[in-house]
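The lines below spell out each chain.
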Amino acid sequence: MADELGLTQDEREQMLPSGRQRLLHNRIHWAKFYMSKAGLIASPARGRFIATEKGRALLAKTPEKIDVALLVRETEFREFYRNESSTAGTDGGASEPVRTVAASTTPEEQIDAAYASLTSALRDELLERILENSPAFFEQLIVDLLVAMGYGGSHKNAAAQLGRSGDGGVDGIINEDRLGLDRIYVQAKRYAPANQVGRPDVNGFVGSLVGLGASKGVFVTTSTFSQPARDYVKHLAQRIILIDGRELADLMIEHQVGVRGYRTVEFKRLDEDFFSEE
């Protein structure tokens, strides 16, 4: 099918936003399912699909494309789709789609898009709340995040390091592991979104690391880094990680710092092995 559609290698390998399934495979699955519900195809055996008499009759009309807008003209599919979308349909005899929003995407894509939208809103809200609080709160947030990520040992050990240095362009030091075999130097800038961190700021931080004989550093900001700043750290002897506001918020969400779950939805998938009699 990929050959027939003339898909490029990148298009064949494109994943859903969740990263759990290829977009092509997902689209094929739902195309089969929807056309089956519309009575256009049948499956005489596992992995085999044929056009029904209704399906062949539709193909004989050479439709420009077969999509949801076309399928809802079939009564059996319209009833199924109305129930699936939990949306009031048309007056029954009309040929208009029951639902037009995101009609060209599969349910998984719609779920992933909704999740991405909610995450984006949460990310913005996190950064707004960080900026509303004090620099001391921001320091503590960094401690909480680093500990949640497995650095610094305990909160007590991490807090004893971060915020104590305050000189030479370094805001703090934290253990890379629980045994303290290596240390990471931290610089944190609580900047407004429009106040971008440029190369001079990063250069000053790197210079401080050189003076301290340090090889690893993390520069965290609530705003963004300029491209020259990002390019600058790529070829240094020191390992410097730049974490901007977006990445900071994503790490907080991933490690549940400042956020908490409020709803969990589990989806089931058909177990093909269970129904196999081979």
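Anything mentioned here points back to the structure above.
Below is a short write-up of the structure. Remember, it's a predicted structure, so these values are computed and weren't measured experimentally.

1. Considering the packing of helix H3 (residues 23-37) against helix H7 (residues 107-132)
At a minimum axis separation of 9 Å, H3 and H7 run at an interaxial angle of 125 degrees. Relative to H7, the element H3 lies oblique. Where H3 abuts H7, its residues Leu23, Asn26, Arg27, Trp30 and Tyr34 lie against Pro107, Glu108 and Glu109. When the residues that make up the contact of H3 with H7 are grouped by side-chain class, the tally is four nonpolar, one polar and three charged.

2. Some words on the sheet that holds strand S6 (residues 239-243)
With respect to topology, four strands assemble into an open sheet ordered S3-S4-S5-S6, the strand pairing being mixed. In the strand order of this sheet, the two ends are held by strand S3 (172-175) and S6, each with one partner. On average, adjacent strands in this sheet sit at an angle of 25 degrees to one another, irrespective of strand direction. Pairing of S3 with strand S4 (residues 183-189), which is carried by four bridges, proceeds in the antiparallel orientation. Each bridged residue has a counterpart across the sheet, and for Gly172 the counterpart in S4 is Val186. Sheet strands in contact with helix H8 (residues 135-148) are S3, S4 and strand S5 (216-221), and its direction is about 140 degrees off that of S4. Most of the contacts of helix H10 (residues 199-212) go to S5, to which it runs at about 150 degrees, and overall it touches S4, S5 and S6.

3. Thoughts on the side chain of Thr106
The topology assignment puts Thr106 in the loop between helix H6 (75-85) and H7. Leaving out residues up to four positions away in the same chain, Thr106 has contacts with Asn26, Arg27 and Trp30.

4. Some points on the layout of surface pockets
Roughly 2300 Å³ of internal volume is contained in the largest pocket. Lining the largest pocket are 47 residues, and of these Glu108, Ile111, Asp112, Val265 and Phe267 sit closest to its centre. Mapped by element, the contributors of at least two residues to the lining of the largest pocket are H3, strand S1 (41-45), H7 and helix H13 (272-275). The dominant element in the lining of the largest pocket, judged by the number of residues it contributes, is H7, at nine residues. The residue inventory of the lining of the largest pocket, partitioned by class, reads 22 nonpolar, twelve polar and 13 charged.

5. Examining the nonpolar core
Formed by 21 residues in total, the largest nonpolar core has its most connected members in Ile130, Ile142, Val220, Leu248 and Met252. Listed by contribution, the elements that provide at least two residues to this core are H7, H8, S4, S5 and helix H12 (245-254). Once residues within four sequence positions are removed from consideration, Leu248 is found in contact with Ile130, Phe138, Leu141, Ile142, Leu145, Val220, Thr221, Thr222 and Ile243. Ala214, Phe219, Phe225 and Tyr232 belong to the second-largest nonpolar core, a separate cluster that totals 16 residues.

6. So, H12
Within H12 the residues assigned to the buried category are Gly245, Leu248, Ala249, Leu251, Met252 and Ile253. Where the residues of H12 are buried, they touch H7, H8, S5 and S6. Regarding H12, its N-cap is Asp244, as a side-chain oxygen of that residue lies 3.3 Å from the backbone nitrogen of Arg246 further along. Residue Gln256 follows H12 closely and has a positive phi angle near 55 degrees.

7. Details of the packing of H8 against H12
Axis separation between H8 and H12 bottoms out at 10 Å; the angle between their running directions is 55 degrees. Here H8 is positioned oblique relative to H12, judged by the angle of their axes. Crossing hand, H8 versus H12: left-handed. Listed contacts from H12 to Phe138, Leu141, Ile142 and Leu145 of H8 are Leu248, Leu251 and Met252. Taken together, the residues that form the contact of H8 with H12 break down as seven nonpolar, no polar and no charged.

8. Notes on the packing of aromatic side chains
Per the counting criterion, the structure on display carries seven aromatic pairs. When the ring of Trp30 is compared with that of Tyr34, the centres are 5.8 Å apart and the planes differ by 70 degrees; the resulting orientation is edge-to-face. You can see Trp30 and its partner Tyr34 sitting in helix H3, four residues apart, about one turn around the helix. When the ring of Phe33 is compared with that of Tyr34, the centres are 6.3 Å apart and the planes differ by 40 degrees; the resulting orientation is tilted. By way of ring pairs, the aromatic residues Trp30, Phe33, Tyr34 and Phe77 are connected into one cluster.

9. Quick look at the pairing of strand S2 (residues 48-51)
Pairing of S1 with S2 involves three bridges; the strand directions are antiparallel. Within S2, the position partnered with Ala42 by the bridge is Ile50. Between the antiparallel neighbours S1 and S2 lie two residues, among them Gly47 with a positive phi of about 80 degrees.

What counts, and at which threshold
Residue indices follow the written sequence of each chain, beginning from 1 at its first position. Thresholds applied to this predicted model are a pLDDT of at least 70 for local features of residues and 80 or more for the giving and counting of side-chain atom pairs; totals over whole chains, interfaces and linings are not thresholded and use all residues. Excluded from the side-chain calculation are hydrogens and water; included are all heavy atoms of the structure. Throughout, an axis means a line fitted to C-alpha atoms (over the contacting stretch in the case of helices), and angles, computed between N-to-C directions, take values from 0 to 180 degrees. Helix and strand assignments follow DSSP, with helices taken as H or I runs no shorter than four residues and strands as E runs no shorter than two, numbered in order from the N terminus. For this classification, under 35 degrees means roughly parallel, over 145 means roughly antiparallel, 65 to 115 means roughly perpendicular, and everything else is oblique. In this description, contact between two residues means that some pair of their heavy atoms is separated by no more than 4.5 Å. Here the nonpolar group is Ala, Val, Leu, Ile, Met, Phe, Trp, Tyr, Cys and Pro; Asp, Glu, Lys and Arg are the charged ones; every other residue, Gly included, is treated as polar. A strand pair is defined by DSSP finding two or more bridges across the two strands. The definitions used throughout rest on a 1 Å grid laid over the protein atoms alone, on which a cavity is an enclosed set of points accommodating a 1.4 Å probe that cannot get out and a pocket is an open set flanked by protein within 12 Å on both sides along at least five of seven lines; lining residues are those having an atom within 4 Å of a point. Grid points are joined across faces, edges and corners, and a volume is the space filled by probe spheres set on the points. Buried Ala, Val, Leu, Ile, Met, Phe, Trp, Tyr and Cys residues form a nonpolar core when they are joined through side-chain atoms within 4.5 Å. When a residue's accessible area, from a 1.4 Å probe over protein chains only, is under 20% of the maximum for its type it is buried; when over 50% it is exposed; and in between it is partly exposed. Nitrogen and oxygen atoms within 3.5 Å of one another constitute a polar contact, given that in protein one can donate a hydrogen and the other can accept it, and given that sequence-neighbouring residues count only through two side-chain atoms. The handedness criterion is simple: a crossing whose near helix is rotated anticlockwise from the far helix by less than a right angle is left-handed, and one whose near helix is rotated clockwise is right-handed. Ring pairs shown here join Phe, Tyr and Trp side chains whose ring centres sit within 6.5 Å, with only the six-membered ring taken for Trp; geometry is labelled stacked below 30 degrees between planes, edge-to-face above 60, and tilted in between.

Interpretation in functional terms is not warranted from these geometric data alone.
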